[in-house]
Amino acid sequence: MAKRKDEFRAGAAAVRITPTDLGKCYLAGFAPNRICRGVLDPLWARALYISDGSTELALVACDLIGLSWQFVQQIRSRISGIDQHNVLIHCTHTHSGPDTMGLWGKALGELPLVSGIDPQYMDSLFDEIAFAVNKARINARPAVAYTAVDRTDRAGWVENIREPNLIDEQMTLLRLDDLAGRTIATLVNFGCHPETLWDRNHLLSPDYPAQLLTTVESALGGVGLFVSGALGGMVTPALTEDTSQARRREFTVELGTHLGQCAVDALQKARKVDAPSIDYRRAELLLPFENKLLAFMSNMGVLGERRPEGGRLRTEVAAIRLGPLGAITMPGETLPAVGLAAKELLDCKHKMLFSLCNDELGYILPESDFGNGLYEYESKMSVGPHTAPELLGALASLIAD
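My aim in this report is to walk through the structure given alongside it, one point at a time. None of these values were measured; they are calculated from a predicted model.

### What about the overall build of the chain?
Move 1: Helix and strand counts for the chain come out as 8 helices and 21 strands.
Move 2: Relative to its length of 401 residues, the chain is compact, with a C-alpha radius of gyration of 20 Å against a globular reference of 21 Å.
Move 3: With the C-alpha coordinates of the chain rotated into their principal frame, the extents come out at 60 × 50 × 45 Å.
Move 4: Summarising the internal contacts of the chain: among those between residues at least 6 apart in sequence, 79% fall at separations of at least 24.
Move 5: Of the roughly 15400 Å² of accessible surface on the chain, a fraction of 51% belongs to carbon and sulfur atoms.
Move 6: Where the 39 positive side-chain charges of the chain centre and where its 49 negative ones centre are 5 Å apart.

Dropping the structure here:
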């Protein structure tokens, strides 16, 4: 039976992406030379597909540190049945996943000498992510959408260790049910680094989002997706650096359970989206590549296939509208100041920010924070001071059109 042009449909799928050859797996985040020694929790690519009969959109949330724009294009090329530009590839930014950026392989001190990327794993990873999208699309059925927001105080759970009062505590939620009231998928958008397990951990894990989604799926059913919001500079679980590894594992479960229950509770008051239609807009742009150290690594081949174009890096942003829900994408680790400014561009009731979406350009911080000693590390791990203004300008133009 042909679907009606105005029929809203949704589908979801989850596919494991845990590396199998652990001896070749460098863990991403913190410092190089951190070899994987086992699996604490499986890693997943979780896909959500929606269609209003005329526009299709797919979002995949991957338990990975990040993927370059060039890698995203390779994944898109393996997906069939949907406009490849309408596929969003997000990475949760777990610091207990494989090195998919190349920064954490063999190094001299902290200077990478050899990429930590395992080409065989990446090839299978791209296939699995593409499979998740195709499976979610095949699973699509008539659906109803609901949105909600949780504004619970995060004190004692999440903190900004740079500027304690600068944080986006809001959690925004989207739930898709079939016409029988069964949950198809739940999307949870919240900003906090998945780094609870910290640098002494050598086991693969999505970190706290694993327990968060277990909590959500146990209560509601369906497939859960966690998408990181403004997590940069540095929004992190509220633990001290000398916290024991045993306590970190406990807190990972506690934090995930707490945030998952916040999501479940908020969705009890979710509002139905009447006659949902999808407004999707995207734009590619070339950003000045002003970081000499990262440019050197790129030229050395450490960063995989990431290459500048005339001193600039190609990336993209997108804006999405689904009834009272709006979402924007950022190609890196958005700091709260930039994330909150980006959300202000949206004229809607509920707002989402997808950081690390379709690219990972490092930290995206206000131009005014460059030269500020408080953000010395973030500045070193950023493409440059013009990144945030250009991205916000591109998003503003997209939304205004």
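Alright, that's what it looks like, and here's the rest.
### Side note on the packing of helix 1 (residues 69-77) against helix 2 (residues 119-138)
Move 1: It is the contact of helix 1 with helix 2, at a shortest axis distance of 8 Å, that shows an interaxial angle of 55°. Relative to helix 2, the element helix 1 is oriented oblique. Helix 2 is crossed by helix 1, and the crossing has right-handed handedness. Counting all contacts with helix 1, which are made through Phe-71, Gln-74 and Ile-75, the residues of helix 2 involved are Met-122, Phe-126, Ile-129 and Ala-130.
Move 2: Tallied by class, residues from the contact of helix 1 with helix 2 come to 6 nonpolar, 1 polar and no charged.

### Regarding unusual backbone geometry
Move 1: With an omega dihedral of -20°, the bond running from Gly-233 to Met-234 counts as a cis peptide bond.
Move 2: Here the phi dihedral of Phe-30 falls at roughly 70°; this positive angle occurs in a residue that is not glycine.
Move 3: In this structure, Phe-30 sits in the loop between strand 1 (9-16) and strand 2 (38-39).
Move 4: Judged by relative accessible area, which is 31%, Phe-30 ranks as partly exposed.
Move 5: A positive phi angle, close to 70°, is found at Asp-207, a residue other than glycine.
Move 6: On the secondary structure map, Asp-207 appears in the loop between strand 12 (203-204) and helix 3 (208-220).

### Brief notes about the side chain of Glu-360
Move 1: Take Glu-360: it is sitting in the loop between strand 20 (350-354) and strand 21 (363-364).
Move 2: At a separation of 2.8 Å, a polar atom in the side chain of Glu-360 contacts the main-chain amide nitrogen of Gly-362.
Move 3: Not counting residues up to four positions away in its chain, the partners in contact with Glu-360 are Ile-65, Gly-66, Leu-67, Ser-68, His-93, Met-101, Arg-306, Pro-331, Gly-332 and Glu-333.

### Looking at the packing of aromatic side chains
Note on aromatic pairs: each is described by the distance of the centres and the angle between the planes.
Move 1: Counted by the stated rule, this structure contains 5 aromatic pairs.
Move 2: Taking 5.4 Å as the distance between ring centres and 55° as the angle between the ring planes, the aromatic pair formed by Phe-71 and Phe-126 counts as tilted. You can see Phe-71 sitting in helix 1 and its partner Phe-126 sitting in helix 2, a full 55 residues away along the chain.
Move 3: Here Phe-126 falls in the buried class, since its relative accessible area comes to 2%.
Move 4: With a centroid separation of 5.7 Å and an interplanar angle of 80°, the aromatic rings of Tyr-208 and Phe-226 are classed as edge-to-face. Of this pair, Tyr-208 sits in helix 3 while Phe-226 is found in strand 13 (residues 223-228), placing the two residues 18 residues apart along the sequence.
Move 5: The exposure class of Tyr-208 is buried, given its relative accessible area of 0%.
Move 6: One Lys or Arg, Arg-175, reaches over the ring of Tyr-146 and ends 4.6 Å from the middle of that ring.

### Examining the pattern of salt bridges
Move 1: Counted by the stated rule, this structure contains 21 salt bridges.
Move 2: In this structure, Arg-78 engages Asp-127 in a salt bridge whose closest nitrogen and oxygen atoms are separated by 2.8 Å. Here Asp-127 lies in helix 2 and Arg-78 lies in the loop between helix 1 and strand 5 (87-91), a separation of 49 residues in the sequence.
Move 3: Across the pair Arg-314 and Glu-309 runs a salt bridge, and its minimum N-O distance is 3.1 Å.
Move 4: What makes Glu-309 partly exposed here is its relative accessible area of 34%.
Move 5: A network of salt bridges, in which partner residues are shared, links Arg-76, Arg-282, Glu-284, Glu-309, Arg-314 and Glu-316.

### Notes on the packing of helix 3 against helix 4 (residues 245-267)
When two helices pack together, their arrangement is captured by the angle between the axes and the distance separating the axes.
Move 1: Where helix 3 contacts helix 4, the axes come no closer than 7 Å and their chain directions differ by 40°. If you check the angle between helix 3 and helix 4, you find them oblique. The handedness of the crossing between helix 3 and helix 4 comes out as right-handed. Touching Tyr-208, Gln-211, Leu-212, Thr-215, Val-216, Ala-219 and Leu-220 of helix 3 are Thr-252, Val-253, Leu-255, Gly-256, Thr-257, Leu-259, Gly-260, Gln-261, Ala-263, Val-264 and Leu-267, all from helix 4.
Move 2: Looking at the contact of helix 3 with helix 4, its residues break down into 11 nonpolar, 7 polar and no charged.

### A closer look at helix 6 (residues 336-344)
Move 1: Among the residues of helix 6, Pro-336, Val-338, Gly-339, Ala-342 and Lys-343 are the ones counted as buried. Angularly, the buried residues of helix 6 cover 160° about the axis, an arc narrow enough to put them on a single face.

The rules behind each value
Residues numbered from 1 in each chain as written. Predicted model: local features only at pLDDT ≥ 70, side-chain atom pairs only at ≥ 80, totals over all residues. Heavy atoms only, no water. Helix = DSSP H or I, 4+ residues; strand = E, 2+ residues; numbered from the N terminus. Rg over C-alpha atoms; globule rule 2.2 N^0.38 Å. Contact = heavy atoms within 4.5 Å. Areas by Shrake-Rupley, 256 points an atom, 1.4 Å probe, with all protein chains shown as cover. Lys, Arg positive; Asp, Glu negative; His and termini not counted. Charge placed at Lys NZ, Arg CZ, Asp CG, Glu CD. Axes fitted to C-alpha atoms, helices over the stretch in contact; angles between N-to-C directions. Parallel < 35°, antiparallel > 145°, perpendicular 65-115°, else oblique. Left-handed = near helix turned anticlockwise from the far one by under 90°. Nonpolar A, V, L, I, M, F, W, Y, C, P; charged D, E, K, R; others polar. Buried < 20%, exposed > 50% of the residue type's maximum accessible area, 1.4 Å probe, protein only. Polar contact = N/O pair within 3.5 Å; in protein donor to acceptor, adjacent residues only side chain to side chain. Phe/Tyr/Trp six-rings, centres within 6.5 Å; stacked < 30°, edge-to-face > 60°. Lys NZ or Arg CZ within 6 Å of the ring centre and 35° of its normal. Salt bridge = Lys/Arg side-chain N within 4 Å of Asp/Glu carboxyl O. Arc of directions from axis to C-beta.

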